[in-house]
Amino acid sequence: MHAANMVSSFPYRGRFAPSPTGPLHAGSLVAALASWLDARAHNGAWLVRIEDVDTPRCPPGADRFILQQLAACGLSSDEAVVWQSQRSAFYEQALERLVTTGHAYPCGCSRKDIEASLHAQGQDRERHRAAVYPGTCRPDNGGLQGKPPRAWRFAVPPEQAEVHWTDRRLGPQVQNVATDVGDFVLKRADGLWAYQLAVVVDDAAQGITHVVRGEDLADNTPRQLLLQRALAVPKPAYLHTPLVLGANGEKLSKQNGAQPLDLSDPLAALNRAAACLGLPGTQRPLAEALALWTLAWTHLHAALRA
Ligand code: GLU
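Residues numbered from 1 in each chain as written. Predicted model: local features only at pLDDT ≥ 70, side-chain atom pairs only at ≥ 80, totals over all residues. Heavy atoms only, no water.

1. Focus on the site of the ligand
And step 1. Inspection of the region around the ligand gives Arg 15, Ala 17, Pro 18, Ser 19, Glu 51, Tyr 195, Val 199, Arg 213 and Leu 217 as its neighbouring residues.
And step 2. Here the ligand, which alone exposes 300 Å², has 80% of that area covered by the protein.
And step 3. Considering only residue class, the shell around the ligand consists of five nonpolar, one polar and three charged. (Near = heavy atom within 4 Å. Areas by Shrake-Rupley, 256 points an atom, 1.4 Å probe, with all protein chains shown as cover. Nonpolar A, V, L, I, M, F, W, Y, C, P; charged D, E, K, R; others polar.)

Dropping the structure here:
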């Protein structure tokens, strides 16, 4: 078969899934542009999903502003935009399924309980590292033992805890989810859905075949692969894009004061994102620039087309 036909017949579905905790910044545009280019290079669909499950952290209107920022850059969703805050019923169904198949259990531990039990095991948490859940409420450890349930956790299967996967850019990766993360939260004590569950349910529901997102999320992938296996849903291909570093050498994020994208010159913002992805600069009009970068992306990633 001719190579061009192979690409055009490929049922590619990609997505950009911002959390609307603030406007897009230079770092988020890199992931948005890369996911759009990868979808176009495969003649696939590109979807936008607003990941607003953590509602208290999402200021009103930030979602609409992000969509305007994307549109100003010539990036708009090929299908209706999906908001996670409207999809609780699907997360509930998935949790029920995980509970019935023995993959999830209720946890009655507070943060303090977890720290105390890690301390008792001589494993004080390193600063800036999330605590590895010590498994206190696991059913095979005796379960809740009279404590009221607070959160729901995924029971990392011991025999599958070491997860191997291949990133299209970073190459072979490995993580032991049991020792690095532990039984992670699916539904939080405050009743909010955790990112890990929502992202896996929605990637599956939307038929996403390729995930392209920032490298800061790469170490979430093994948790998501375990959840996909437990829910018996297909596993997408993953590509994690380079992070944009601020002047202080730290990754750009809303938390460390990254400036919102300047919409007065979308082409300049796109050129900066393109440079970060190893693509050439251009002063052509927006549509032509995007077409040129699609071609350049195709060449750059020809060997990696998964
Ligand atoms: N909502 C996540 C974020 O903005 C991205 C999720 C993903 O691409 O898997 O950090």
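2. Focus on unusual backbone geometry
Trans peptide bonds make up most of the peptide bonds, and negative phi angles are found at most residues other than glycine.
And step 1. Located in the positive-phi region is Asn 43, a residue other than glycine, with phi close to 55 degrees.
And step 2. Within the secondary structure, Asn 43 sits in the loop between helix H2 (26-41) and strand E2 (45-50). (Helix = DSSP H or I, 4+ residues; strand = E, 2+ residues; numbered from the N terminus.)

3. Describing the sheet that holds strand E8 (residues 185-187)
And step 1. Judged by pairing direction, the sheet is antiparallel, and its three strands sit side by side in the order E4-E5-E8 without closing on themselves. The sheet terminates laterally at strand E4 (104-107) and E8, the two strands that pair on one side only. Looking at each pair of strands side by side, their axes are set apart by 40 degrees on average, direction ignored.
And step 2. In this sheet, E8 lies alongside strand E5 (residues 151-154) in antiparallel orientation, the contact comprising two bridges. Looking at the pairing, Trp 152 lines up with Lys 187 of E8.
And step 3. Contacting E4, E5 and E8, helix H4 (residues 88-100) runs over the sheet at an angle of about 125 degrees to E8. (Pairing = 2+ DSSP bridges. Axes fitted to C-alpha atoms, helices over the stretch in contact; angles between N-to-C directions. Contact = heavy atoms within 4.5 Å.)

4. Points about the pairing of E5
And step 1. Relative to E5, E4 runs antiparallel, the two sharing four bridges. Along E5, the bridge assignment pairs Cys 107 with Ala 151.

5. Notes on the nonpolar core
The tendency in soluble globular proteins is for nonpolar side chains to be buried side by side.
And step 1. Leu 29, Leu 33, Trp 46, Leu 70, Leu 75, Trp 293 and Trp 297 are the most contacted members of the largest nonpolar core, which has 39 residues in total.
And step 2. Broken down by secondary-structure element, the contributors of at least two residues to this core are H2, E2, helix H3 (62-72), helix H9 (266-276) and helix H10 (286-300).
And step 3. Counting residues per element, this core draws most heavily on H2, which supplies ten residues.
And step 4. With 32 residues, the next largest nonpolar core counts Ala 45, Leu 95, Val 201 and Ala 230 among its residues. (Core = buried A, V, L, I, M, F, W, Y, C linked by side-chain atoms within 4.5 Å. Buried < 20%, exposed > 50% of the residue type's maximum accessible area, 1.4 Å probe, protein only.)

6. What to know about the side chain of Glu 51
And step 1. Along the chain, Glu 51 falls in the loop between E2 and H3.
And step 2. Polar side-chain contacts of Glu 51 include one of 3.1 Å to the side chain of Gln 84. (Polar contact = N/O pair within 3.5 Å; in protein donor to acceptor, adjacent residues only side chain to side chain.)

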